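Below are the chains, spelled out letter by letter.
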Amino acid sequence: MPPLVKIRSERDQMSAIERRIADFILDNAHLLRDYSSQQLASALGVSQSSVVKFSQKLGFRGYPDLKFSIGQALARNGGDAPAAPPQSDDAYARLEEGLRRSKAAAEEETRLINPRERIEAIVGMVDGADKVFVCGLGDDGLFAREFAMRLSLLGVLVVHHADPILMMANLSAARPGDVLLLFSEFGQLPPLHQLSRQFQACEGRVVSITRHTSNPLRAHADAALVVSAHDPAPHVAQLLYRSSLQYLLDFLFVLLCQANPERHRQLNINLERIQHLLDT
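Residues numbered from 1 in each chain as written. Predicted model: local features only at pLDDT ≥ 70, side-chain atom pairs only at ≥ 80, totals over all residues. Heavy atoms only, no water.

Participant: Is there a simple way to think about the overall build of the protein in this case?
Facilitator: The helix and strand tally for the protein stands at 13 helices and five strands. Structurally, the protein occupies a C-alpha span of about 65 × 50 × 30 Å along its principal axes. Here the protein holds 280 residues, and the buried ones make up 44% of them. Looking at the protein alone, contacts between residues at least 24 apart form 67% of all its contacts between residues at least 6 apart. Within the structure as shown, the protein displays about 14,400 Å² of accessible surface, and the carbon and sulfur contribution to it stands at 54%. Of the side chains in the protein, 30 bear a positive and 32 a negative charge, and the two mean positions are spaced by 4 Å. (Helix = DSSP H or I, 4+ residues; strand = E, 2+ residues; numbered from the N terminus. Buried < 20%, exposed > 50% of the residue type's maximum accessible area, 1.4 Å probe, protein only. Contact = heavy atoms within 4.5 Å. Areas by Shrake-Rupley, 256 points an atom, 1.4 Å probe, with all protein chains shown as cover. Lys, Arg positive; Asp, Glu negative; His and termini not counted. Charge placed at Lys NZ, Arg CZ, Asp CG, Glu CD.)

Participant: Would you explain the pattern of salt bridges in this entry?
Facilitator: Two side chains with opposite charge may pair up if their charged atoms get near one another. Summed over all chains, the structure comprises 13 salt bridges. Linking Arg211 and Glu185 is a salt bridge whose minimum nitrogen-to-oxygen distance equals 2.8 Å. Note that Arg211 is positioned in strand β4 (residues 205-211) and Glu185 in the loop between β3 (179-183) and α10 (190-201), a separation of 26 residues in sequence. A single burial state applies to Arg211 and to Glu185, both of which are buried. (Salt bridge = Lys/Arg side-chain N within 4 Å of Asp/Glu carboxyl O.)

Participant: Just to check I follow, could you spell out the sheet that holds β4 for this structure?
Facilitator: Hydrogen bonds between backbone groups are what pair the strands of a sheet, and the pairing can be parallel or antiparallel. Ordered by their spatial adjacency, five strands build an open sheet running β2-β1-β3-β4-β5, and the pairing between neighbours is parallel. Single-partner strands in this sheet number two, and they are β2 (158-161) and β5 (223-227). Sheet twist, expressed as the average angle between the axes of neighbouring strands with direction ignored, equals 15 degrees. Sheet topology note: the β3/β4 ladder contains five bridges and is parallel. Across the sheet, Leu181 pairs through a bridge with Val207, a residue of β4. (Pairing = 2+ DSSP bridges. Axes fitted to C-alpha atoms, helices over the stretch in contact; angles between N-to-C directions.)

Participant: I tried to follow a nonpolar patch on the surface on my own but got confused; where do I start?
Facilitator: Residues Leu271, Ile274 and Leu278 make up a contiguous nonpolar surface patch of about 280 Å² in total accessible area. Structurally, the position occupied by Leu278 is in helix α13 (residues 261-279). (Patch = residues over 30% accessible without salt bridge, like charges linked within 9 Å, V, L, I, M, F, W, Y side chains within 5 Å.)

Participant: Mind showing me how you'd approach unusual backbone geometry here?
Facilitator: In terms of backbone geometry, most residues other than glycine have negative phi values and most peptide bonds are trans. Notably, Glu203 is not glycine yet its phi reads approximately 70 degrees, a positive angle. Looking at the element boundaries, Glu203 is found in the loop between α10 and β4. Overall, the relative accessible area of 56% leaves Glu203 in the exposed class.

Participant: When you look at the environment of Glu120 in this model, what are you seeing that I'm missing?
Facilitator: With respect to the helices and strands, Glu120 occurs in helix α7 (residues 116-128). Spatially, the C-alpha atom of Glu120 lies 8.7 Å from that of Leu252, the residues being 132 residues apart in sequence. Within polar-contact distance, the side chain of Glu120 engages the side chain of Arg116 at 2.8 Å. (Polar contact = N/O pair within 3.5 Å; in protein donor to acceptor, adjacent residues only side chain to side chain.)

Participant: I would appreciate a short explanation of the confidence of the model for the protein in the present structure.
Facilitator: In low-pLDDT segments, the atomic positions of the prediction should not be examined closely. Per-residue confidence for the protein gives a mean pLDDT of 90, with 96% of residues at or over 70. Taken element by element, the predicted model of the protein shows its lowest mean pLDDT in helix α1 (residues 3-10) (83) and its highest in β3 (98). (pLDDT = per-residue confidence, 0-100.)

What follows is the structure in structure tokens.
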């Protein structure tokens, strides 16, 4: 795993001092070559040994090894940051290529920070649930609605609402082993936290779908899917989030199709029924 991706993926399990070091490195990776371990420690107000231990905890021999690995990754323009688009006098072509590369990098990073065992566990939870509840607000609600529809095509009994109050009313139907998928980019919305706690009180299991940040919804969920989308321009970062989230949900759907032959058979039946309606 590229070093900056590894730092992002482990940040939430770090101590406060380690997170301070991690955030500085993530925000200033291109400047790291100019910092010794002592200079970095002084800039952050931590001890030099904290910087060394941080590097070793990530699997490096020490700070110089971490710095060299990050420098190599940046020089290759692979994994940690999207490669710079070729120089061109055509602004249209630069924008097009830059966005394409940024999306590809964000999707790859999202793949790396969602390990196989976590994805397969969530597939098993959804496939084995009697009912799957799905909720998301705002833009998240668009992804929640589309994924709920796809689950329905697989023959999954889905309860979907874009209103947490209406979803709360439906929790009377929740049973142990049911699954609630909560879509929330930043994981900070109090109504969704309340919904999550109430669902878990019914012995259901909650899966959060958020950015790869430390947030309350993710912290209290039984399982979490996380999305990586980083760019200095906020409007581009939002596009990267949508692209990476769609990739993650598409892969989850394909795995559900393959995990259960009966689901796959039901999907084909439902698609034929839909096509028949369209043809008549």
